[in-house]
Amino acid sequence: MDQAQHNQIVNFIWGIADDILRDVYVRGKYRDVILPMTVIRRLDALLEPTKQAVLDTRDALNLAGVSNQAAALQKEAKQAFYNTSKFTLRSLLSSPKQLRANFTDYLDGYSENVREILEKFEFRNQLQRLEQSDTLFPLIERFLDPRINLSPNPVHDAYGAIKQPGLDNHAMGTIFEELIRRFNEENNEEAGEHFTPRDVIALMTNLIFHPISDQIVDGTYLVYDGACGTGGMLTVAEETLQQLADEHGRAVSIHLYGQEVNGETYAISKADLLLKGEGQNADNIAYGSTLAADGFPSIDFDFMLSNPPYGKSWKNDLERLGGAGKKGDVKDPRFVVNHAGDPEFNLITRTSDGQLMFLVNMLSKMNHTTPLGSRIAEVHNGSALFTGDAGQGESNIRRWIIENDWLDAIVALPEKIFYNTGIATYVWILTNRKPEHRQGKVQLIDATGWHQPLRRNLGQRNREMTPAHIAQVVDIFERFEETEQSKIFPNEAFGYWKVTVERPLRLRIALDGETRARFRETCRARNDELLADLIDDIAQRNDPELSMSWNLFTDALEIAASARRTKLSAARKKLVQAELAVRDERAQTVLKSSKRSNGPDDGDRLHGKIPTAIGPHWFNNEYETDPELRDTEQIPLLEPGGIAGFIEREVWPHVPDAWVDEAKTQIGYEISFTRYFYKPVQLRTLKEIEADIRALEAETEGLLEEILVGQDHARD
């Protein structure tokens, strides 16, 4: 099919919408009729030559009592589908008064796979409106117009010459994809959810196929998209892989797999494959939520690519996974893995954004048994690079990926390259078979400046990447060198320890008369004036060492209580601390009760010799912590000397009594493109600023002269 024929057919079908549906549907709803009718007309044309044979076979099977007839009817139809209705689209027009009823019978006659497509299109919901507006008949009539040929067989004129060439499956698929593209661009607000621009897909497929094109061997390859939308990524991936295989003289069989949760886009993806003659691949498109109900739980894939939804809640999926809103209840082995010594390493993100969960799903399907392994390309927005604190799902996913050395590269795309968002987007490239020179490293590529403007805006999309731009990105990826647009880092460069820095609690005991009077009132309300008496007794000693050390004070209070034949219970001690203890940096540190015998000896403790500087000599957890002084530090994994080196250099010079609570230390990973590719704005020189000021002065002086001259003329 040449380009002129392609354009003529697409424009004709596009014109049907304007001519027939204009006063019946708003423009954004034309697709609800045109897309399923295009599918129906193509399938009808494919089945015309075998129509009678299929009906005869159906009758024979019914007579023989055979209930499972699908395989036999497909064989007779010579297609992956069939229709057992007595009607064709053309014969429907012979009975216009019974058109809707006959058309319904015609639709019911299709095989289950086609009926499912029409069901997901919700096409039957359109029949009443089409009938009531008297547009059903002209709609069918226009799709049968002799000016276009959607049949694989050519149309001849009266002299036997070809009037219109036939459409093979590939050509028909191309026409259908063009219609999808136009409708998506018409509905800009929806396009980003279901339709990835072809230049972005071309970049993704080139990045996963081109670098290993010479490693493709004869055999079967499985390609998967867990958020396949209309199937554009799968079909472009198939075309790219097939082209590279042909160029290298390899015979390959490519099987496509996908899953989609939106009914209409699921129908489009299946219909597109059917129209291309890929019935088996059409059967490999699963309907439903990838996260909640994996359509291919036991299959590993060679190539995977996807543009999952980002910024979209997946709370319902989490509940269906058994979480009931709680991440810890999920046991799905895709999302809870064995890593870093933790058999239940949790990869579950916050429910407000599930984009990284789709990446985890794909990584769970990597092929680990072949020399080529698996290669993955997935689009994410910027939040996937840094959202989530150490130990949280997003950070754990990045850690799991990078520590397994699966992250190969991330490419920053130009802004405003998608239809419904102008924010920054990135293509992640992953593989479990890095070449030796890339192992242990990650390449970041800044392609934000490689684009050209579109002739007209398509929603938020106002620029595109040309084939030359795409080739430039692939070349930089394959050369794997440091340039202004390419930065290469060791895996550990993105990791950090999040440490909790504790400081000891230091308490001074307030024993002034006013404070003790308030304390006695509290004790009186609790019927425990004896405790107030004990406090007064100790206060009479006027010992500053006692008032500046919680441990010495409570020791003395215990001794005093024992002398009065009573005890300093935990409740009493808690009350004393709440009413009399005051945080004071000058006070002695508070030693934990369970550790007091392990610290300085009792003689030192009772004489107030607990050290005030814990620092390097007291790097432990024997002291009560002060929550108000607690802090956290983010320490790079590549920090010289690690955590201890950082604390010694950056913390102890300022707070020598600090220590790290090792039990709370977490490892996190984040990636900051801004940090690595930041370009400061070039400030103007003083000479440039001076020149501008002088120009303004000259301009204002001239303006003032004009005003004064004008006033003189007015007075004259």
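The structure this text deals with has already been given above.
The following paragraphs examine the structure supplied in this document. (Residues numbered from 1 in each chain as written. Predicted model: local features only at pLDDT ≥ 70, side-chain atom pairs only at ≥ 80, totals over all residues. Heavy atoms only, no water.)

## Let's talk about the overall build of the protein
At step 1: Tallying secondary structure elements over the protein gives 29 helices and 21 strands in all.
At step 2: For 716 residues, the compact-globule formula gives about 27 Å, and the C-alpha radius of gyration of the protein, at 37 Å, lies well above that figure.
At step 3: Considering only C-alpha atoms, the protein reaches an extent of 125 × 105 × 60 Å along its principal axes.
At step 4: Taking the contacts inside the protein whose residues are at least 6 apart along the sequence as the reference set, 76% of them involve residues at least 24 apart.
At step 5: If you sum the accessible surface of the protein, you get close to 33900 Å²; carbon and sulfur atoms cover 48% of it.
At step 6: Separation between the mean location of the 82 positive side-chain charges and that of the 110 negative ones in the protein comes to 4 Å. (Helix = DSSP H or I, 4+ residues; strand = E, 2+ residues; numbered from the N terminus. Rg over C-alpha atoms; globule rule 2.2 N^0.38 Å. Contact = heavy atoms within 4.5 Å. Areas by Shrake-Rupley, 256 points an atom, 1.4 Å probe, with all protein chains shown as cover. Lys, Arg positive; Asp, Glu negative; His and termini not counted. Charge placed at Lys NZ, Arg CZ, Asp CG, Glu CD.)

## As for empty space enclosed by the protein
At step 1: For the structure shown, the criterion picks out three cavities of 30 Å³ or more.
At step 2: Considering only enclosed or pocket space, the second largest cavity measures out at about 40 Å³ in volume.
At step 3: Forming the boundary of the second largest cavity are Asp44, Leu47, Glu48, Lys51, Asn83, Phe87, Thr88, Tyr106 and Tyr110.
At step 4: The residue makeup of the lining of the second largest cavity, split by class, is four nonpolar, two polar and three charged. (1 Å grid on protein atoms, 1.4 Å probe; cavity = no way out; pocket = protein on both sides within 12 Å on 5 of 7 lines; lining within 4 Å. Points joined across faces, edges and corners; volume = space filled by probe spheres on them. Nonpolar A, V, L, I, M, F, W, Y, C, P; charged D, E, K, R; others polar.)

## Notes on the pairing of strand β6 (residues 303-306)
At step 1: Because side chains alternate across β6, one face comprises the buried residues Phe303 and Leu305, and the other comprises Met304 and Ser306, equally buried.
At step 2: Looking at chain direction, strand β3 (residues 219-225) and β6 are connected through two bridges and run parallel. Among the inter-strand pairings, tyrosine 224 is bridged to a residue of β6, identified as methionine 304.
At step 3: Pairing analysis gives four bridges linking β6 to strand β9 (residues 375-381), with the strands arranged parallel. By the bridge assignment for β9, methionine 304 is matched with isoleucine 376. (Buried < 20%, exposed > 50% of the residue type's maximum accessible area, 1.4 Å probe, protein only. Pairing = 2+ DSSP bridges.)

## Considerations on the side chain of arginine 398
At step 1: With respect to the secondary-structure elements, arginine 398 resides in helix α19 (residues 393-403).
At step 2: Notably, arginine 398 is buried but unbridged: the nearest opposite-charge side chain belongs to glutamate 670, and the N-O separation is 5.6 Å.
At step 3: Reaching out from arginine 398, the side chain makes a polar contact with the backbone oxygen of alanine 384 at a distance of 2.9 Å. (Salt bridge = Lys/Arg side-chain N within 4 Å of Asp/Glu carboxyl O. Polar contact = N/O pair within 3.5 Å; in protein donor to acceptor, adjacent residues only side chain to side chain.)

## What to know about the pattern of salt bridges
At step 1: Counted according to the given criterion, the structure contains 45 salt bridges.
At step 2: Among the salt bridges present, the one from glutamate 178 reaches arginine 182, with a minimum N-O distance of 3.4 Å. In this pair, glutamate 178 and arginine 182 are both assigned in helix α10 (residues 169-186), four residues apart and thus about one turn of the helix distant. The burial state of glutamate 178 is the same as that of arginine 182; both residues are buried.
At step 3: Salt-bridge contacts for arginine 630 lead to glutamate 502; the nearest nitrogen and oxygen are separated by 2.8 Å. Of this pair, arginine 630 sits in the loop between α26 (602-606) and β19 (631-636) while glutamate 502 sits in strand β16 (residues 495-502); the two residues are 128 residues apart in sequence, bridging distant segments of the chain.

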